[in-house]
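# Report on the structure
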Amino acid sequence: MTNPFDLSGRTALVTGSSRGLGRAIAEGLAKAGARIVLNGVDETRLEHAASDMHEAGFDVLTAAFDVTNETAIQASFDHFDQAGIDIDILINNAGMQFRKPMIELATTDWQRVIDTNLTSAFVIGREAARRMIPRGHGKIINIGSLTSELARATVAPYTVAKGGIKMLTKAMAAEWGEHGIQANAIGPGYMITDMNEALISNPQFDAWVKARTPARRWGKPDELAGTAVYLASSAADYVNGQIIYVDGGMISVL
Ligand code: GCO
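Residues numbered from 1 in each chain as written. Predicted model: local features only at pLDDT ≥ 70, side-chain atom pairs only at ≥ 80, totals over all residues. Heavy atoms only, no water.

Moving on: the packing of aromatic side chains. Throughout the structure, instances matching the rule amount to 7 aromatic pairs. Both rings, one in Tyr-190 and one in Phe-205, keep their centres 5.5 Å apart while their planes meet at 65°; by these two values the pair is edge-to-face. One end of the pair, Tyr-190, is in the loop between strand 6 (181–188) and helix 6 (197–200); the other, Phe-205, is in helix 7 (residues 203–212), and 15 residues separate them in sequence. According to the relative accessible area criterion, Tyr-190 is buried, its value standing at 15%. Phe-205 sits in the buried class, given a relative accessible area of 12%. Each member of the aromatic cluster is reached from another via a ring pair, and the members are Tyr-190, Phe-205, Trp-208 and Trp-218. (Phe/Tyr/Trp six-rings, centres within 6.5 Å; stacked < 30°, edge-to-face > 60°. Helix = DSSP H or I, 4+ residues; strand = E, 2+ residues; numbered from the N terminus. Buried < 20%, exposed > 50% of the residue type's maximum accessible area, 1.4 Å probe, protein only.)

Moving on: the nonpolar core. The biggest cluster of nonpolar side chains holds 32 residues, and the ones touching the most others in it are Leu-7, Leu-29, Ile-36, Leu-38, Met-53, Ile-91 and Ile-186. Those elements that place two or more of their residues in this core are strand 1 (11–14), helix 1 (20–31), strand 2 (35–40), helix 2 (43–55), strand 4 (89–92), strand 5 (138–143) and helix 8 (225–232). Element by element, the count of residues in this core is highest for helix 1, at 5 residues. If sequence neighbours within four positions are ignored, Ile-91 has contacts with Leu-13, Val-14, Thr-15, Ile-25, Leu-29, Ile-141 and Ile-143. Leu-13, Val-37, Leu-90 and Ala-161 belong to the second-largest nonpolar core, a separate cluster that totals 28 residues. (Core = buried A, V, L, I, M, F, W, Y, C linked by side-chain atoms within 4.5 Å. Contact = heavy atoms within 4.5 Å.)

Here the focus is unusual backbone geometry. For residues besides glycine, phi is generally negative; the peptide bonds are generally trans as well. Its identity as a non-glycine residue notwithstanding, Thr-154 has a phi of 80°, on the positive side. Counting through the fold element by element, Thr-154 comes out in the loop between strand 5 and helix 5 (156–176). Of note, Arg-216 is a non-glycine position whose phi angle comes to about 60°, a positive value. Relative to the elements of secondary structure, Arg-216 occurs in the loop between helix 7 and helix 8.

To continue, consider the site of the ligand. Lining the immediate environment of the ligand, one finds 14 residues, of which Arg-99, Ser-145, Arg-152, Pro-188 and Asn-196 sit closest. Arg-152 is positioned such that a nitrogen or oxygen atom in its side chain is 2.8 Å from an oxygen atom of the ligand. When the free accessible area of the ligand is taken as 340 Å², the share hidden by the protein chains comes to 98%. Mapping the ligand onto the cavity grids shows that it belongs to the largest pocket. Grouping the amino acids of the shell around the ligand by side-chain chemistry returns 7 nonpolar, 5 polar and 2 charged. (Near = heavy atom within 4 Å. Polar contact = N/O pair within 3.5 Å; in protein donor to acceptor, adjacent residues only side chain to side chain. Areas by Shrake-Rupley, 256 points an atom, 1.4 Å probe, with all protein chains shown as cover. 1 Å grid on protein atoms, 1.4 Å probe; cavity = no way out; pocket = protein on both sides within 12 Å on 5 of 7 lines; lining within 4 Å. Sits in = over half its atoms within 2 Å of the grid points. Nonpolar A, V, L, I, M, F, W, Y, C, P; charged D, E, K, R; others polar.)

This next bit is on the environment of Asp-194. If you trace the backbone, Asp-194 turns up in the loop between strand 6 and helix 6. Expressed as a C-alpha distance, the spacing of Asp-194 and Thr-169, which sit 25 residues apart in the sequence, is 26 Å.

End to end, helix 2 covers 18 Å across 13 residues, agreeing with the expected 18 Å (1.5 Å per residue, within 8%). In the core, the buried residues of helix 2 are packed alongside helix 1, strand 2 and strand 3 (60–64). Two or three places before Thr-44, at the start of helix 2, stands the capping residue Asp-42, its side-chain oxygen 3.1 Å from that residue's backbone nitrogen. (Expected span 1.5 Å × (residues − 1).)

Take the pairing of strand 3 next. Note: strand 2 against strand 3, 5 bridges, orientation parallel. Paired with Val-37 across the bridge in strand 3 is Leu-61. Handedness of the crossover is the feature at issue here: the chain leaves strand 2, passes through helix 2, returns alongside strand 3, and the resulting connection is right-handed. (Pairing = 2+ DSSP bridges. Right-handed = clockwise from strand over helix to strand, strands pointing away.)

Another point: the layout of surface pockets. Left-over empty space is what a probe sized like a water molecule reveals as it rolls over the atoms. As a volume, the largest pocket reaches approximately 950 Å³. Forming the walls of the largest pocket are 44 residues, and the residues nearest its centre are Asn-93, Ala-94, Gly-95, Met-96 and Met-195. Those elements that provide at least two residues to the lining of the largest pocket are helix 1, strand 2, helix 4 (107–135) and helix 5. No other element matches helix 1, which puts 3 residues into the lining of the largest pocket. The residue makeup of the lining of the largest pocket, split by class, is 17 nonpolar, 19 polar and 8 charged. One number sums up the size of the second largest pocket: a volume of about 200 Å³. Around the second largest pocket sit 14 residues that line it, and Arg-10, Lys-139, Ala-232, Ser-234 and Asp-237 are the ones nearest its centre. Classifying every residue of the lining of the second largest pocket by side-chain character gives 3 nonpolar, 6 polar and 5 charged. (Points joined across faces, edges and corners; volume = space filled by probe spheres on them.)

Following both chains from N to C, one finds helix 4 and helix 5 inclined at 15°, their axes separated by 8 Å at the closest point. Considering the angle they form, helix 4 stands roughly parallel to helix 5. Like other packed secondary-structure pairs, helix 4 and helix 5 cross with a definite hand, here right-handed. Contacts between helix 4 and helix 5 involve Trp-110, Val-113, Ile-114, Asn-117, Leu-118, Ala-121, Phe-122, Gly-125, Arg-126, Ala-129 and Ile-133 from the first element and Ala-156, Pro-157, Tyr-158, Val-160, Ala-161, Gly-164, Ile-165, Leu-168, Met-172 and Trp-176 from the second. Across the contact of helix 4 with helix 5, the residue classes break down as 17 nonpolar, 3 polar and 1 charged. (Axes fitted to C-alpha atoms, helices over the stretch in contact; angles between N-to-C directions. Parallel < 35°, antiparallel > 145°, perpendicular 65-115°, else oblique. Left-handed = near helix turned anticlockwise from the far one by under 90°.)

In structure tokens:
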């Protein structure tokens with residue numbers, strides 16, 4: 001019997017994958033058999049991640065580009081075309097956080113967060129879809145957040161971007177579903193990552209997360225991997241436009 005979760009023969013580009021959630025997702029997809037294209041801006045960190053994964057026996061390439069630089073994105077996709085690298089699976093994971101009360105927030109900081117977390121997923125998604133459409137298949141997985149549904153004080157632009165990710169996912173499903181592309185999203189809960197270090201080390205915030213989450217703990221990055229593998233696989237060929245929360249149950253309770 002063939003395994004519906006098998007990703008062998010597929011190539012997955014994971015943005016922002018030299019560390020954190022992206023790295024964990026990349027490793028999960030690699031374990032399921034996919035060839036991985038790791039991406040990041042810091043070339044040293046990127047090469048480090050690639051050599052670690054290589055040593056673990058995985059098939060890994062790198063593409064260093066800034067997800068807010070459209071010219072660099074296009075150059076990378078041109079390179080993929082020339083090298084015969086077909087991106088079958090795109091994980092729009094790259095993101096940033098910037099915490100400040102809205103009343104003090106500069107427009108440039110607002111824009112930077114929107115560009116990094118939302119516009120990047122559109123631009124990279126469009127470049128990927130332009131190539132997936134003629135092939136008649138493709139998987140796009142956007143990384144949302146609990147803030148795709150719920151606001152939290154001090155993270156307004158992030159909340160707006162992640163709410164946008166939910167609707168961008170549906171827009172992609174609406175336009176590209178007929179071409180054999182499935183676009184879905186994962187909404188992580190509070191995860192142990194560098195991005196959340198300031199929250200994890202704040203005793204009040206830590207207590208709030210544990211009290212508020214039915215699992216009574218923070219999530220570990222590799223706990224996203226199974227959902228990413230599922231959505232990237234043929235098991236999810238009729239799943240389109242969904243956002244799956246991997247949050248220890250947080251979004252379902254008051
Ligand atoms: C924050 C965090 C967020 C959360 C996320 C959970 O400041 O609220 O950095 O990124 O981890 O919203 O889904």
